[in-house]
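Each chain, letter by letter, is given below.
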Amino acid sequence: MDTGRQPLWQEEPAVRRRMADPVRTAAVRAVIIVALTLIQAMVAFLCTLAGSWFAFPMVLSTVASTVVATWAVLDVWVTRQVWVQRNGVQSQPSSTARELRRERRRARRQQRREARKGPSRIDRAAA
């Protein structure tokens, strides 16, 4: 029974490919650490405004957390670079590019065959 309405959810193909597993793991870890650091900074700010004794330890731990968060974000970048170096870019040439390479290869082989056959026949005929 067609009601003429569009479906609520439409599947669309992904524009970008999925990240590699180690890179995705590092990225999730970095997002969680950064989120916790932001929460910690907000608590330190509010404790400072309230004049609580807890403000000083929170500020110190927020500074340490910021260093850890920076390290986690750099870890994502380094993990991605290492993965690309080890596994390379996963690309497949188009069929036309592959076909052109095959044609060039055939032409080179044919030239080599002709170069080998040509002089040897002339030398035999001359002898």
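About the cut-offs
Residues numbered from 1 in each chain as written. Predicted model: local features only at pLDDT ≥ 70, side-chain atom pairs only at ≥ 80, totals over all residues. Heavy atoms only, no water. pLDDT = per-residue confidence, 0-100. Helix = DSSP H or I, 4+ residues; strand = E, 2+ residues; numbered from the N terminus. Buried < 20%, exposed > 50% of the residue type's maximum accessible area, 1.4 Å probe, protein only. Expected span 1.5 Å × (residues − 1). Contact = heavy atoms within 4.5 Å. Core = buried A, V, L, I, M, F, W, Y, C linked by side-chain atoms within 4.5 Å. Patch = residues over 30% accessible without salt bridge, like charges linked within 9 Å, V, L, I, M, F, W, Y side chains within 5 Å. Areas by Shrake-Rupley, 256 points an atom, 1.4 Å probe, with all protein chains shown as cover. Salt bridge = Lys/Arg side-chain N within 4 Å of Asp/Glu carboxyl O. Lys, Arg positive; Asp, Glu negative; His and termini not counted. Charge placed at Lys NZ, Arg CZ, Asp CG, Glu CD. Phe/Tyr/Trp six-rings, centres within 6.5 Å; stacked < 30°, edge-to-face > 60°.

Undergrad: I tried to follow the confidence of the model for the chain on my own but got confused; where do I start?
TA: When pLDDT drops low, the exact placement of atoms in the prediction is not to be read closely. With 84% of its residues at a pLDDT of 70 or more, the chain has an overall mean of 86. Averaged pLDDT values over the elements of the chain bottom out at 78 in helix 3 (residues 95-126) and peak at 96 in helix 1 (residues 21-50).

Undergrad: Please clarify how the environment of Thr48 should be interpreted in this entry.
TA: One can find Thr48 in helix 1. The exposure class assigned to Thr48 is partly exposed, which follows from its relative accessible area of 46%. For Thr48 and Val59, which are 11 residues apart along the polypeptide, the C-alpha to C-alpha distance reads 8.8 Å.

Undergrad: So what exactly am I meant to see when it comes to helix 2 (residues 55-87) here?
TA: Along an α-helix, a turn takes 3.6 residues, which lines up residues three or four apart on a common side. With 33 residues, helix 2 extends 47 Å from end C-alpha to end C-alpha; this agrees with the ideal 48 Å at 1.5 Å per step. Along helix 2, the positions that sit buried rather than exposed are Ala55, Met58, Thr62, Ser65, Ala69, Ala72, Val76 and Thr79. Residues of helix 2 that are buried make contact with helix 1. One or two positions beyond helix 2, positive phi appears at Gly88, with a value near 70°.

Undergrad: How should the nonpolar core be read in this particular structure?
TA: In globular proteins that are soluble, nonpolar side chains generally tend to be buried together. Core analysis: the biggest nonpolar cluster contains 5 residues, these being Ala26, Ala27, Ala30, Ala72 and Val76. Those elements that provide at least two residues to this core are helix 1 and helix 2. By residue number, the principal contributor to this core is helix 1, which donates 3 residues. When neighbours within four sequence positions are excluded, Val76 is seen to be in contact with Ala26, Ala27 and Ala30.

Undergrad: Would you take a moment to explain a positive patch on the surface for this structure?
TA: A cluster of basic residues, Arg98, Arg101, Arg104, Arg105, Arg108, Arg109, Arg112, Arg113, Arg116 and Lys117, forms a positive patch on the protein surface. Secondary-structure assignment places Arg98 in helix 3. Taking the relative accessible area as the measure of exposure, Arg98 reaches 33% and is therefore partly exposed.

Undergrad: Hey, could you run me through the packing of aromatic side chains in this one?
TA: Each pair of aromatic rings is reported with the distance of its centres and the angle of its planes. Under the defined criterion, the tally for this structure stands at 1 aromatic pair. On the basis of an interplanar angle of 70° and a centroid distance of 5.5 Å, the ring pair of Trp53 and Phe54 is categorised as edge-to-face. Relative accessible area serves as the criterion here: at 71%, Trp53 is assigned to the exposed category.

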